[in-house]
Amino acid sequence: MSTVKASLKPRKSAVQARSAATVEALHEATLQVLTQQGLVRCTTTRVAERAGMSVGSLYQYYPNRDALLAAILEKHLVRVADSVKLACSGLQGASVAEMAGGLVKALLTAKLREQAVSKALYAIAAERGGPELVARINLRMVGAIAAMLATASDAHFDDPGLVAAISLSAIVGPVRTLLEGNAAPAFEAALEQQTTLMLRAYLQAHQPPTPRKTHA
(Lines give C-alpha, C1' and ligand atoms only; values in the text may rest on other atoms or scores of the structure.)
Protein backbone atom coordinates (compact mmCIF):
# COMPACT_ATOMS: atom_id res chain seq x y z
CA MET A 1 0.00 0.00 0.00
CA SER A 2 1.33 3.45 -0.90
CA THR A 3 2.51 5.64 1.94
CA VAL A 4 1.72 8.83 0.03
CA LYS A 5 -1.35 10.52 1.44
CA ALA A 6 -4.48 10.48 -0.71
CA SER A 7 -4.57 14.29 -0.77
CA LEU A 8 -1.17 14.32 -2.47
CA LYS A 9 -2.08 11.93 -5.27
CA PRO A 10 -2.87 13.24 -8.77
CA ARG A 11 -6.54 13.16 -9.75
CA LYS A 12 -5.86 11.19 -12.94
CA SER A 13 -2.96 9.70 -14.84
CA ALA A 14 -1.60 11.29 -17.98
CA VAL A 15 -2.49 8.46 -20.35
CA GLN A 16 -2.97 10.24 -23.65
CA ALA A 17 -0.24 12.28 -25.33
CA ARG A 18 -2.21 15.51 -24.86
CA SER A 19 -2.65 14.81 -21.16
CA ALA A 20 1.05 13.98 -20.79
CA ALA A 21 1.96 17.27 -22.44
CA THR A 22 -0.37 19.14 -20.09
CA VAL A 23 1.15 17.51 -17.02
CA GLU A 24 4.66 18.25 -18.28
CA ALA A 25 3.69 21.90 -18.81
CA LEU A 26 2.32 22.06 -15.25
CA HIS A 27 5.50 20.54 -13.84
CA GLU A 28 7.72 22.96 -15.74
CA ALA A 29 5.58 25.94 -14.74
CA THR A 30 5.64 24.86 -11.10
CA LEU A 31 9.44 24.66 -11.10
CA GLN A 32 9.70 28.08 -12.73
CA VAL A 33 7.39 29.75 -10.23
CA LEU A 34 8.97 27.91 -7.30
CA THR A 35 12.55 28.83 -8.18
CA GLN A 36 11.82 32.39 -9.30
CA GLN A 37 9.19 33.48 -6.76
CA GLY A 38 9.57 31.08 -3.84
CA LEU A 39 7.24 28.66 -2.10
CA VAL A 40 4.89 31.26 -0.61
CA ARG A 41 4.08 32.73 -4.04
CA CYS A 42 3.95 29.34 -5.73
CA THR A 43 0.16 29.10 -5.93
CA THR A 44 -2.01 27.08 -8.27
CA THR A 45 -3.21 30.35 -9.83
CA ARG A 46 0.33 31.47 -10.68
CA VAL A 47 1.31 28.00 -11.89
CA ALA A 48 -1.73 27.77 -14.17
CA GLU A 49 -1.04 31.25 -15.52
CA ARG A 50 2.59 30.38 -16.22
CA ALA A 51 1.51 27.16 -17.95
CA GLY A 52 -1.01 29.06 -20.09
CA MET A 53 -4.12 27.32 -18.80
CA SER A 54 -6.97 27.85 -16.37
CA VAL A 55 -6.86 26.86 -12.73
CA GLY A 56 -9.79 24.56 -13.48
CA SER A 57 -7.64 22.67 -15.97
CA LEU A 58 -4.91 22.30 -13.35
CA TYR A 59 -7.41 20.86 -10.86
CA GLN A 60 -8.35 18.17 -13.36
CA TYR A 61 -4.92 16.68 -12.70
CA TYR A 62 -4.03 17.78 -9.15
CA PRO A 63 -6.45 18.45 -6.28
CA ASN A 64 -4.21 21.08 -4.68
CA ARG A 65 -0.81 22.71 -4.71
CA ASP A 66 0.77 20.17 -2.37
CA ALA A 67 -0.16 17.32 -4.69
CA LEU A 68 1.54 19.16 -7.54
CA LEU A 69 4.66 19.80 -5.45
CA ALA A 70 4.76 16.14 -4.39
CA ALA A 71 4.60 15.10 -8.04
CA ILE A 72 7.54 17.24 -9.13
CA LEU A 73 9.54 16.13 -6.09
CA GLU A 74 8.95 12.48 -6.97
CA LYS A 75 9.86 13.10 -10.61
CA HIS A 76 13.14 14.70 -9.54
CA LEU A 77 14.03 11.90 -7.13
CA VAL A 78 13.22 9.19 -9.69
CA ARG A 79 15.46 10.93 -12.25
CA VAL A 80 18.33 10.94 -9.74
CA ALA A 81 17.78 7.26 -8.94
CA ASP A 82 17.66 6.34 -12.63
CA SER A 83 20.97 8.14 -13.22
CA VAL A 84 22.60 6.25 -10.35
CA LYS A 85 21.18 2.93 -11.54
CA LEU A 86 22.47 3.51 -15.08
CA ALA A 87 25.94 4.42 -13.80
CA CYS A 88 26.08 1.38 -11.52
CA SER A 89 25.06 -0.91 -14.36
CA GLY A 90 27.87 0.43 -16.53
CA LEU A 91 30.43 0.00 -13.74
CA GLN A 92 29.78 -3.65 -12.98
CA GLY A 93 33.01 -5.63 -12.94
CA ALA A 94 35.15 -2.50 -12.53
CA SER A 95 37.65 -1.76 -9.76
CA VAL A 96 36.40 -0.07 -6.60
CA ALA A 97 38.37 3.07 -7.53
CA GLU A 98 36.46 3.28 -10.80
CA MET A 99 33.19 2.56 -9.03
CA ALA A 100 33.79 5.35 -6.51
CA GLY A 101 34.57 7.92 -9.19
CA GLY A 102 31.68 6.92 -11.42
CA LEU A 103 29.13 6.80 -8.62
CA VAL A 104 30.08 10.19 -7.21
CA LYS A 105 30.05 11.79 -10.65
CA ALA A 106 26.65 10.33 -11.55
CA LEU A 107 24.99 11.35 -8.29
CA LEU A 108 26.44 14.86 -8.20
CA THR A 109 25.58 15.47 -11.84
CA ALA A 110 21.98 14.38 -11.30
CA LYS A 111 21.59 16.34 -8.05
CA LEU A 112 23.35 19.53 -9.09
CA ARG A 113 22.66 19.77 -12.82
CA GLU A 114 19.94 22.30 -12.02
CA GLN A 115 21.04 23.48 -8.61
CA ALA A 116 18.29 26.08 -8.19
CA VAL A 117 15.67 23.37 -8.75
CA SER A 118 17.39 20.95 -6.37
CA LYS A 119 17.59 23.62 -3.67
CA ALA A 120 13.92 24.51 -4.05
CA LEU A 121 12.81 20.87 -3.94
CA TYR A 122 15.10 20.07 -1.02
CA ALA A 123 13.43 22.87 0.94
CA ILE A 124 9.99 21.26 0.53
CA ALA A 125 11.07 17.63 0.89
CA ALA A 126 10.45 17.53 4.63
CA GLU A 127 6.71 17.70 3.94
CA ARG A 128 4.27 16.67 1.21
CA GLY A 129 5.16 13.00 1.44
CA GLY A 130 8.86 13.83 1.05
CA PRO A 131 10.32 11.56 3.75
CA GLU A 132 8.44 8.53 2.39
CA LEU A 133 9.50 9.32 -1.18
CA VAL A 134 13.13 9.84 -0.20
CA ALA A 135 13.20 6.57 1.76
CA ARG A 136 11.71 4.64 -1.16
CA ILE A 137 14.07 6.18 -3.73
CA ASN A 138 17.08 5.64 -1.48
CA LEU A 139 16.25 1.93 -1.29
CA ARG A 140 16.32 1.78 -5.08
CA MET A 141 19.72 3.47 -5.20
CA VAL A 142 21.15 1.30 -2.43
CA GLY A 143 20.01 -1.79 -4.32
CA ALA A 144 21.72 -0.62 -7.51
CA ILE A 145 24.94 0.26 -5.68
CA ALA A 146 24.97 -3.06 -3.82
CA ALA A 147 24.55 -4.98 -7.07
CA MET A 148 27.48 -3.07 -8.54
CA LEU A 149 29.73 -3.62 -5.51
CA ALA A 150 29.07 -7.35 -5.59
CA THR A 151 30.87 -7.48 -8.97
CA ALA A 152 33.98 -5.51 -7.95
CA SER A 153 37.10 -6.88 -9.59
CA ASP A 154 39.43 -6.14 -6.69
CA ALA A 155 37.37 -6.26 -3.50
CA HIS A 156 34.97 -8.47 -1.58
CA PHE A 157 32.07 -7.15 0.50
CA ASP A 158 30.51 -9.42 3.11
CA ASP A 159 27.47 -7.15 3.22
CA PRO A 160 27.19 -5.17 -0.04
CA GLY A 161 23.87 -3.67 1.05
CA LEU A 162 25.37 -2.14 4.18
CA VAL A 163 28.39 -0.79 2.32
CA ALA A 164 26.09 0.60 -0.37
CA ALA A 165 23.92 2.40 2.20
CA ILE A 166 26.97 3.96 3.87
CA SER A 167 28.43 4.91 0.48
CA LEU A 168 25.23 6.66 -0.54
CA SER A 169 25.09 8.55 2.76
CA ALA A 170 28.72 9.58 2.34
CA ILE A 171 27.86 11.29 -0.94
CA VAL A 172 24.48 12.71 0.03
CA GLY A 173 25.82 14.33 3.21
CA PRO A 174 28.07 16.89 1.47
CA VAL A 175 25.40 17.50 -1.16
CA ARG A 176 22.93 18.33 1.61
CA THR A 177 25.40 20.83 3.05
CA LEU A 178 25.60 22.51 -0.35
CA LEU A 179 21.85 22.57 -0.96
CA GLU A 180 21.21 23.99 2.51
CA GLY A 181 23.40 26.95 1.59
CA ASN A 182 26.03 26.20 4.23
CA ALA A 183 28.98 25.69 1.89
CA ALA A 184 31.70 28.11 0.85
CA PRO A 185 32.60 28.42 -2.87
CA ALA A 186 35.76 26.35 -2.26
CA PHE A 187 33.59 23.55 -0.86
CA GLU A 188 31.50 23.35 -4.01
CA ALA A 189 34.54 23.54 -6.29
CA ALA A 190 36.24 20.63 -4.53
CA LEU A 191 33.12 18.57 -3.84
CA GLU A 192 33.50 15.90 -6.52
CA GLN A 193 37.22 15.39 -6.03
CA GLN A 194 37.12 15.25 -2.24
CA THR A 195 34.01 13.07 -2.08
CA THR A 196 35.56 10.66 -4.55
CA LEU A 197 38.74 10.43 -2.45
CA MET A 198 36.68 9.71 0.65
CA LEU A 199 34.54 7.02 -0.99
CA ARG A 200 37.48 5.43 -2.77
CA ALA A 201 39.37 5.04 0.50
CA TYR A 202 36.34 3.48 2.17
CA LEU A 203 35.75 0.97 -0.62
CA GLN A 204 39.43 0.11 -0.98
CA ALA A 205 39.52 -0.81 2.71
CA HIS A 206 37.60 -3.92 1.64
CA GLN A 207 40.29 -5.03 -0.78
CA PRO A 208 41.97 -8.31 0.18
CA PRO A 209 45.50 -7.80 1.52
CA THR A 210 48.35 -8.41 -0.88
CA PRO A 211 50.09 -11.68 0.04
CA ARG A 212 53.65 -11.28 1.23
CA LYS A 213 56.40 -12.69 -0.92
CA THR A 214 58.32 -15.53 0.67
CA HIS A 215 62.02 -16.08 0.05
CA ALA A 216 63.39 -19.53 -0.57
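In what follows, the structure referred to is the one given above.
Below you will find a few notes about this structure. (Residues numbered from 1 in each chain as written. Predicted model: local features only at pLDDT ≥ 70, side-chain atom pairs only at ≥ 80, totals over all residues. Heavy atoms only, no water.)

Description of the overall build of the chain
Next up, step 1: Within the chain, the secondary structure is distributed over nine helices and zero strands.
Next up, step 2: When the helices and strands of the chain are placed in sequence order, the string is α-α-α-α-α-α-α-α-α.
Next up, step 3: For the chain, with 216 residues in total, the buried portion stands at 38%.
Next up, step 4: Of the contacts formed within the chain by residues at least 6 apart in sequence, a portion of 73% connects residues at least 24 apart. (Helix = DSSP H or I, 4+ residues; strand = E, 2+ residues; numbered from the N terminus. Buried < 20%, exposed > 50% of the residue type's maximum accessible area, 1.4 Å probe, protein only. Contact = heavy atoms within 4.5 Å.)

Comments concerning the side chain of Thr-30
Next up, step 1: For Thr-30, the location among the structural elements is in helix H1 (residues 17-37).
Next up, step 2: Using a relative accessible area of 1% as the deciding quantity, one classes Thr-30 as buried.

Points about the environment of Ala-87
Next up, step 1: Position of Ala-87 among the secondary structure elements: in helix H4 (residues 65-90).
Next up, step 2: Taking the C-alpha atoms as reference points, Ala-87 and Val-104, 17 residues apart in sequence, are found 9.7 Å from one another.
Next up, step 3: Setting aside anything within four residues of it in sequence, one finds Ala-87 in contact with Gly-102 and Ala-106.

Examining the environment of Leu-103
Next up, step 1: With respect to the helices and strands, Leu-103 occurs in helix H5 (residues 96-112).
Next up, step 2: The spatial distance from the C-alpha of Leu-103 to the C-alpha of Leu-168 is 9.0 Å, given a sequence separation of 65 residues.
Next up, step 3: Other than its neighbours up to four places away in sequence, Leu-103 contacts Val-84, Cys-88, Leu-91, Ile-145, Met-148, Ile-171 and Leu-199.

Structural notes on the environment of Glu-98
Next up, step 1: Within the element layout of this structure, Glu-98 appears in helix H5.
Next up, step 2: According to the relative accessible area criterion, Glu-98 is partly exposed, its value standing at 48%.
Next up, step 3: Distance from Glu-98 to Ala-152, taken between C-alpha atoms, is 9.6 Å for residues 54 residues apart in sequence.

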